[in-house]
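Structural overview for review
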Protein chains: 2
Amino acid sequence: SVEDIKKARAAVPFNREQLESVLRGRFFYAPAFDLYGGVSGLYDYGPPGCAFQNNIIDAWRKHFILEEDMLEVDCTMLTPYEVLKTSGHVDKFSDWMCRDLKTGEIFRADHLVEEVLEARLKGDQEARGLVEDANAAAKDDAEKKKRKKKVKQIKAVKLDDDVVKEYEEILAKIDGYSGPELGELMEKYDIGNPVTGETLESPRAFNLMFETAIGPSGQLKGYLRPETAQGQFLNFNKLLEFNNSKTPFASASIGKSFRNEISPRAGLLRVREFLMAEIEHFVDPLDKSHPKFNEIKDIKLSFLPRDVQEAGSTEPIVKTVGEAVASRMVDNETLGYFIARIYQFLMKIGVDESKLRFRQHMANEMAHYAADCWDGELKTSYGWIECVGCADRSAYDLTVHSKKTKEKLVVRQKLDNPIEVTKWEIDLTKKLFGPKFRKDAPKVESHLLNMSQDDLASKAELLKANGKFTIKVDGVDGEVELDDKLVKIEQRTKVEHVREYVPSVIEPSFGIGRIIYSVFEHSFWNRPEDNARSVLSFPPLVAPTKVLLVPLSNHKDLVPVTTEVAKILRKSQIPFKIDDSGVSIGKRYARNDELGTPFGVTIDFESAKDHSVTLRERDSTKQVRGSVENVIKAIRDITYNGASWEEGTKDLTPFIAQAEAEAETD
Amino acid sequence: SVEDIKKARAAVPFNREQLESVLRGRFFYAPAFDLYGGVSGLYDYGPPGCAFQNNIIDAWRKHFILEEDMLEVDCTMLTPYEVLKTSGHVDKFSDWMCRDLKTGEIFRADHLVEEVLEARLKGDQEARGLVEDANAAAKDDAEKKKRKKKVKQIKAVKLDDDVVKEYEEILAKIDGYSGPELGELMEKYDIGNPVTGETLESPRAFNLMFETAIGPSGQLKGYLRPETAQGQFLNFNKLLEFNNSKTPFASASIGKSFRNEISPRAGLLRVREFLMAEIEHFVDPLDKSHPKFNEIKDIKLSFLPRDVQEAGSTEPIVKTVGEAVASRMVDNETLGYFIARIYQFLMKIGVDESKLRFRQHMANEMAHYAADCWDGELKTSYGWIECVGCADRSAYDLTVHSKKTKEKLVVRQKLDNPIEVTKWEIDLTKKLFGPKFRKDAPKVESHLLNMSQDDLASKAELLKANGKFTIKVDGVDGEVELDDKLVKIEQRTKVEHVREYVPSVIEPSFGIGRIIYSVFEHSFWNRPEDNARSVLSFPPLVAPTKVLLVPLSNHKDLVPVTTEVAKILRKSQIPFKIDDSGVSIGKRYARNDELGTPFGVTIDFESAKDHSVTLRERDSTKQVRGSVENVIKAIRDITYNGASWEEGTKDLTPFIAQAEAEAETD
């Protein structure tokens, strides 16, 4: 029964080394360029890993794009400098690193300061007898933070009380320091190479994007995209037109992104090239309700809001999405709707519900483009991992690109009943601008035409009072004087039939590699009766191979039925493998339990006579028997049409013989 | 009938501008970063183009990977310098370009010399009265070669006969000149900027790969992969093991590759970032037969072998694949099998059979890694385009990587009956090597242990004659002397149970972007009765959207049936669009004929009563009627289960009314 399997799965404690040896041994993935010694942060997906990834993408496309009529696009990874300068990534997407000029080693400044101060505090605690072994405690810490331990040997040295207090204050705000500030701390507290103590080069900003030159001349600098979002934003007008100007609507993109991590670690969790699936849901900032909110409002999830974290707790609040939005813990229905849909998707592909939480970003954690952000986090042996970011990017991106390119990126909403709008407007007597400002005329004109309503109001007053006003214009030296012959500013009331607005963007962003690794951990267990036998209990929908075809022996009588079953499976495009190697049937099943193959079909001498075969279920090793057609129908219904094992096999009869045979797995 | 549609499709001559305006207008694709002025050679796929591409990939995966149990892998695009240096791409993957120091313009040296000499010859022919208008002739040429015309104005100047002869000889061998040789020709014949005549910088090798630095230190130089093949070769041992060491087997990979083209042109046909799907079929060099060859040997294809081209003809030879292999025109069964499978795939996705040929590469055209190569070429308005390369890479790649990394990349084949093998073998008295060669010992040892059989034979003789011999070892200065105390070389006969060989590789490589564009051209036509109405006649399998749902009017009575049909379509995961905009039904159909949507389902007031709807076929605009269930079953059978329109709609009754309504498309 389901309960027994649950108990069996929890009997043997999770062991990461054993999981990783199965994943490497069966080539789910491996370090890229292994033959050449590998490159840190780069991984290749082997046949089972690649099939698993394809199934996750297919499920994602059906769950989000097809279900919500989203507009999928495929944009280029090569991105010109100017686009990523405007989006803020060139300036903000960097880590501060310092180099040891002797050894060439590179350290992330914030991680280094944090670990050295923590080590000194632990040494102080050992000296005060508060902690038994500082080094052991430090090892746990590094493990939890998924970081390599830099400080090899902690000396038990007592610190003055005020120094301890200073260190603790610094550690509390460690995420907030800029590069130069970290440099000052390193100098002030003599923080150098954690092993040799050598003074390090002061911190330099290292941009996390891969740079390359586009075209032969080398003048056009470009980067590999750090996210798929920008391609979607730049195509906003085309997407809106494709959607017959109806909003809200969502675009989506599935593809690789790149981050030149300083020190990638923890396998698939921090890599330099990774698959993302991102949705940009464009919504009216004044109306973030969602037409299908009722369909998900009763789903119960565990939330970790900002205020709970600020109080230093990690105890989640379990609430329905409806309650979370009603209490404004989650800002609006659209954000709530996507959080629920993310939950439903993660359940479909094998995430363990008890290891999922939604954590709200702290203020200092937010990306430069985000107004609010909830992370879907999954618990793994590395701790809680951010796998799905659900950010409210408000109108940040469309605004900066529109300003830079002078192209309007807006929604025009026909108003049911037209409204009267009073606005400050400015008229320029163009023919005077040329003679007065010569080559600066265009800059001055564009500055005046893009002034905000407040600016126009204050300039109008000055014009009325002194007949002129001065402004500072980018790219033009000194003050620029405008008088009432050059400009006229007045308030005008108009009837408007159309409301123009820059839509807000809600962005669910999926780190597919991180989700895949978490599902590997959540699905992995060892059979209590034989620890060496591991199982990956993937849902049939995403398992790389669905059926293991096992002729009981290589006797020629079994060949026709085996060939026939293979033919039907191939025709119905159900991925299967035939294992006709000579080893015992138990061993063949064990090998494919490690690949997560949900179904085994055994062909024996009875099959040759009455065309019946047995169907084995991976987790319970239960077996049932029936005709080839009924068995394949059961496989299809359970794998693709959402039927349970009981529903799918209701026309098949329980079968015992093979189960004993399986026990002996020599 | 099928014949009528064929005639209708051919009535209006193909017009590329009109196709491109539909493709851009409906956002199949658009220049990437359009908002910022675009970057040449970079394109984004919009919703219909992206869905079309996904369907082509899905069809490719089922046709090749699932059908032949291929091992799909997903390897990284970032590739370290060393790997691409070993594979030959760093040295050979470049074009020679020369720069105009004044204007900064860049010209591909070979194209420049070719066009300038051809222009002078045309001017000479005009001067001799042999050609009426040299400029018009040159324009045709440039169009055929898909190149921008560089020489703007050709002067009719008569050349001496020997100069004409010299020019013709150069043009015949134009592909064979190296960069420096092209530089000499430019000097000798005063070839400079084609417009200004300005002397250009001498040709410099411009590598076609995008370069980037991996990791913070910037020391690890890398490139973006120019092909997906290398990732597959480097994982050969893991793939062989995954396949239980059984050969032949094939790996496959679908993903983006990058080439920093000097001057990208002709839309999707020559771009800098493109999607490839590649198969590496590993086969025994002594046995390139194929177990499923009989299934395809009777397929008739049009071949253009090397000898026909050398004779200056482009007349194809139509033969069955069986005959082509039997006559050794196509070297072996495996190559023949894949050429046939490529043909079958291209037919499935909408290629026009009359616009497909298989052309054998000329000797000087072959990539550095290819022993033989047949290109699947598709005819477009740009001429014949190479869309699928089918190369025999023999053992080139595995050999160079094995040599560089000292890792064996071989197949071990258990021999049914063991064979006696006599081989030269060398024994080293290791303890003497250290003292004699000091730090060079490892290099000397590795050199001796990797000597070929012929080398060992000749050294054995010298050893016997003079008791010593000398060799030249990479990285060791001067001659290295070995005597009979240091080494012993003798012939030994052994019984071998296992034969080790480096497999040959047959590589079908698909340029998905080029195939997509060609299918766009092959599917595009205008309705004879109204030229403004364009149709993209994609096969239903690959059409971006399968069904257009059209309520006859927005009357509320029609809403329940429309919602119900939408629900069933969504549940059976059949992509559809609802067009309930107010325009005429004819206009709504016309809009979706441009998207290639094969089926239209109309809901009228009858539907509200008897739950029946009409089904419209895009090309013939024929309509049939039936229950919602039967209509959706027909759509599924025709789209996914390969049924024809007649078979699929046999339970539905012909329907006339809407057809007239459609005629008036105000």
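Just so you know, the residues in each chain are numbered from 1, in the order the chain's sequence is written. Whichever chain is written first is A, and whichever ligand is written first is 1; the rest continue in order. Residues qualify for local features only when their pLDDT is at least 70, as the model is predicted, and side-chain atom pairs are given and counted only at 80 or more; totals for whole chains, interfaces and linings, by contrast, use all residues. Water and hydrogen atoms play no part in the side-chain values, which are based on all heavy atoms of the structure.

**Some thoughts on the overall build of chain A**
Helix numbering and strand numbering both begin at the N terminus, where a helix is a DSSP run of H or I of at least 4 residues and a strand a DSSP run of E of at least 2. In terms of regular secondary structure, chain A is built from 25 helices and 29 strands. The principal-axis extents of the C-alpha atoms in chain A amount to approximately 105 × 70 × 55 Å. Expressed as a percentage of its 666 residues, the buried residues of chain A come to 55%. We call two residues in contact whenever any of their non-hydrogen atoms come within 4.5 Å of each other. Sequence separation of at least 24 residues holds for 69% of the intrachain contacts in chain A that already meet a minimum separation of 6. Here chain A has roughly 30,000 Å² of accessible surface; of this, 52% comes from carbon and sulfur atoms. Remark: exposure states derive from per-residue accessible area (1.4 Å probe, protein chains only) relative to the maximum for the residue type, with buried under 20%, exposed over 50%, and partly exposed in between. What sets the accessible areas is the Shrake-Rupley method with a 1.4 Å probe; for residues, cover comes only from the shown protein chains.

**Describing the pattern of salt bridges**
Residue and element names in this part refer to chain B. The salt bridge definition used is simple: a Lys or Arg side-chain nitrogen within 4 Å of an Asp or Glu carboxyl oxygen. For the structure on display, the rule yields 104 salt bridges over all chains. For lysine 292, the salt bridge goes to glutamate 68, with nearest N and O atoms at 3.4 Å. Within this pair, whereas lysine 292 is found in the loop between strand S11 (273-283) and strand S12 (300-304), its partner glutamate 68 is found in the loop between helix H3 (47-66) and strand S3 (71-72), the two being separated by 224 residues in sequence. As far as burial versus exposure is concerned, lysine 292 and glutamate 68 are alike and both buried.

**Concerning unusual backbone geometry**
With the exception of glycine, the majority of residues adopt a negative phi angle, and the majority of peptide bonds are in the trans configuration. For the bond running from A:Thr247 to A:Pro248, omega is -5 degrees, close enough to zero to count as cis. For A:Pro248, the location among the structural elements is in the loop between helix H11 (236-242) and strand S10 (249-258). Look at B:Asp69: it is not a glycine, yet its phi comes out positive at around 50 degrees. For B:Asp69, the position within the fold is in the loop between H3 and S3. Judged by its relative accessible area of 43%, B:Asp69 falls in the partly exposed class. For B:Ser245, which is not glycine, the phi torsion reads 60 degrees and is therefore positive.

**Digging into the side chain of B:His290**
Position of B:His290 relative to the elements: it lies in the loop between S11 and S12. There is a polar contact of 3.1 Å between the side chain of B:His290 and the backbone nitrogen of B:Lys292. N or O atoms within 3.5 Å of each other form a polar contact, as long as, within protein, one can give a hydrogen and the other can take it, and as long as residues adjacent in sequence are counted only when both atoms are side-chain atoms.

**Structural notes on the interface of chain A and chain B**
Each partner contributes residues to the interface: chain A has 76 residues there, and chain B has 77 residues. Taken over both partners, the interface formed by chain A and chain B buries close to 6,800 Å², and the fraction arising from carbon and sulfur atoms is 62%. Summed over both partners, the accessible area lost on bringing two parts together, with a 1.4 Å probe, is the buried area. In terms of surface lost to chain B, no three residues of chain A exceed A:Leu35, A:Tyr36 and A:Asp74, which account for 12% of the buried area on that side. Along the contact surface separating chain A from chain B lie six salt bridges. Taking the shortest distance from any N to any O, the salt bridge between B:Arg570 and A:Asp69 comes out at 3.2 Å. Connecting chain A to chain B are 36 residue pairs in polar contact (both at pLDDT 80 or more). Examining the composition of the side of chain A that touches chain B, we find that eight residues originate from one element, helix H3 (residues 47-66) of chain A, more than from any other. Residue type decides the class: Asp, Glu, Lys and Arg count as charged, Ala, Val, Leu, Ile, Met, Phe, Trp, Tyr, Cys and Pro as nonpolar, and the leftover types, Gly among them, as polar. Of the residues belonging to the side of chain A that touches chain B, the class tally is 38 nonpolar, 15 polar and 23 charged.

**Quick look at the packing of aromatic side chains**
Residue and element names in this part refer to chain A. Each aromatic pair joins two rings of Phe, Tyr and Trp (for Trp, the six-membered one) with centres within 6.5 Å, and gets the label stacked for planes under 30 degrees apart, edge-to-face for over 60, and tilted for any other angle. Applying the stated criterion across every chain, the model contains 48 aromatic pairs over all chains. Seen from their ring centres, phenylalanine 236 and phenylalanine 249 are 6.1 Å apart, and the 20 degrees between their planes marks the pair as stacked. Here phenylalanine 249 lies in strand S10 and phenylalanine 236 lies in helix H11, a separation of 13 residues in the sequence. The exposure class of phenylalanine 236 is buried, given its relative accessible area of 0%. Grouping aromatic residues by their ring pairs yields a cluster made of Phe28, Phe52, Phe520 and Phe538.

**Structural notes on the relation of the copies chain A and chain B**
Copies are brought into register by a least-squares superposition over C-alpha atoms of residues with pLDDT of at least 70 in both. For these two chains of identical sequence, chain A goes onto chain B by a turn of 180 degrees and a shift of 0.0 Å along the axis, with RMSD 0.2 Å. The two molecules are tied by a two-fold rotation axis, judged by turn and shift. Among all residues of chain A, the one whose C-alpha sits closest to the rotation axis is A:Thr212, at a distance of 2.7 Å. Comparing interface residues between copies, 100% of those in chain A also lie at the interface in chain B; the contact surface is shared.

**Looking at the pairing of strand S24 (residues 547-551) of chain A**
Residues and elements named next belong to chain A. Counting buried residues in S24 gives five out of five residues, a clear majority hidden from the surface. Of the two faces of S24, both are covered, the one formed by Val547, Leu549 and Pro551 as well as the one formed by Leu548 and Val550. DSSP bridges decide pairing: two strands pair if at least two such bridges lie between them. Two elements, S24 and strand S25 (residues 576-578), share three bridges in a ladder whose sense is parallel. Counterpart to valine 547 in the pairing with S25 is phenylalanine 576. Once the chain exits S24 it traverses helix H20 (residues 559-571) before rejoining the sheet at S25, and the crossover so formed is right-handed. Bridge count between S24 and strand S26 (residues 599-603): five bridges; the pairing is parallel. Considered in S26, the bridge of proline 551 is made with isoleucine 603. Orient the strands so they point away from the viewer; a crossover is then right-handed if the path from the first strand over the helix to the second runs clockwise.

**Topic: the packing of helix H6 (residues 109-127) of chain B against helix H9 (residues 179-188) of chain B**
Residues and elements named next belong to chain B. To get an axis, fit a line to the C-alpha atoms, keeping to the stretch in contact for a helix; angles then go from 0 to 180 degrees between the N-to-C directions. For the pair H6 and H9, the least separation of the axes is 10 Å and the interaxial angle reads 35 degrees. Relative to H9, H6 is oriented so that their crossing is left-handed. Contact with H6, carried on its side by Ala109, Asp110, Leu112 and Val113, involves Leu182, Leu185 and Met186 of H9 and no other residues of that element. Taken together, the residues of the contact of H6 with H9 break down into six nonpolar, no polar and one charged. Here a crossing is taken to be left-handed if its near helix is turned anticlockwise relative to the far helix by less than a right angle, and right-handed if that turn runs clockwise.

**Quick word on the sheet that holds strand S7 (residues 204-207) of chain A**
Residues and elements named next belong to chain A. Here we have three strands laid out as an open sheet, ordered S6-S5-S7, and antiparallel in their pairing. A strand with exactly one partner marks an edge of an open sheet, and here the two such strands are strand S6 (106-108) and S7. Between one strand axis and the next, the sheet turns through 50 degrees on average, direction left out of account. By the bridge criterion, four bridges tie strand S5 (residues 94-99) to S7 in an arrangement that is antiparallel. Looking at the pairing, tryptophan 96 lines up with alanine 205 of S7. Packing against the sheet, helix H6 (residues 109-127) makes contact with S5 and S6, and its axis sits at approximately 80 degrees to S6.

**Looking at the packing of H20(A) against helix H23 (residues 628-640) of chain A**
All names here are of chain A. Two elements in contact, H20 and H23, have axes whose closest approach is 11 Å; the angle formed by their N-to-C orientations is 35 degrees. Crossing handedness for the pair H20 and H23: right-handed. Of H23, the residues touching H20 (which contributes Glu564, Val565, Ile568 and Leu569) are Val628, Glu629 and Ile632. Here the contact of H20 with H23 is built from residues that sort into five nonpolar, no polar and two charged.

**Section: the side chain of A:Asn135**
Residue and element names in this part refer to chain A. Position of asparagine 135 among the secondary structure elements: in helix H7 (residues 134-144). Since its relative accessible area comes to 18%, asparagine 135 is described here as buried. In this structure the side chain of asparagine 135 is engaged in a polar contact, spanning 3.1 Å, whose partner is the backbone nitrogen of isoleucine 154.

**Regarding the nonpolar core**
Here, nonpolar core refers to any group of buried Ala, Val, Leu, Ile, Met, Phe, Trp, Tyr and Cys residues whose side-chain atoms link them within 4.5 Å. With 210 residues, the main nonpolar core has A:Trp60, A:Phe510, B:Trp60, B:Leu346 and B:Phe510 as its most contacted residues. With residues up to four places along the chain from it excluded, the contact list for A:Phe510 reads A:Trp60, A:Phe64, A:Leu275, A:Met276, A:Ala277, A:Ile342, A:Phe345, A:Cys387, A:Val388 and A:Ile515.

**Points about the environment of A:Glu278**
Residues and elements named next belong to chain A. Relative to the helices and strands, glutamate 278 resides in strand S11 (residues 273-283). On the basis of relative accessibility, which here comes to 1%, the residue glutamate 278 falls in the buried class. Leave out the neighbours within four places in its chain, and glutamate 278 touches Trp60, Glu227, Thr228, Ala229, Gln232, Ser251, Ala252, Ser253, Glu507, Pro508 and Ser509. Within the local environment of glutamate 278, its side chain forms a polar contact with the backbone nitrogen of alanine 229, the two atoms lying 3.1 Å apart. Among the polar contacts listed, one links the side chain of glutamate 278 to the side chain of serine 509, at a separation of 2.8 Å.

**Digging into the pairing of strand S15 (residues 372-380) of chain B**
All names here are of chain B. Within S15, eight of the nine residues are buried, leaving the element largely enclosed by the surrounding structure. In this structure, strand S14 (residues 356-360) lies alongside S15, joined through five bridges in antiparallel fashion. Considered in S15, the bridge of leucine 356 is made with leucine 378. Of the pairings in the sheet, the one linking S15 to strand S16 (residues 383-394) comprises nine bridges and is antiparallel in character. Counted as the bridge partner of aspartate 375 is glycine 389 from S16. Linking S15 to S16, which pair antiparallel, is a turn of two residues.

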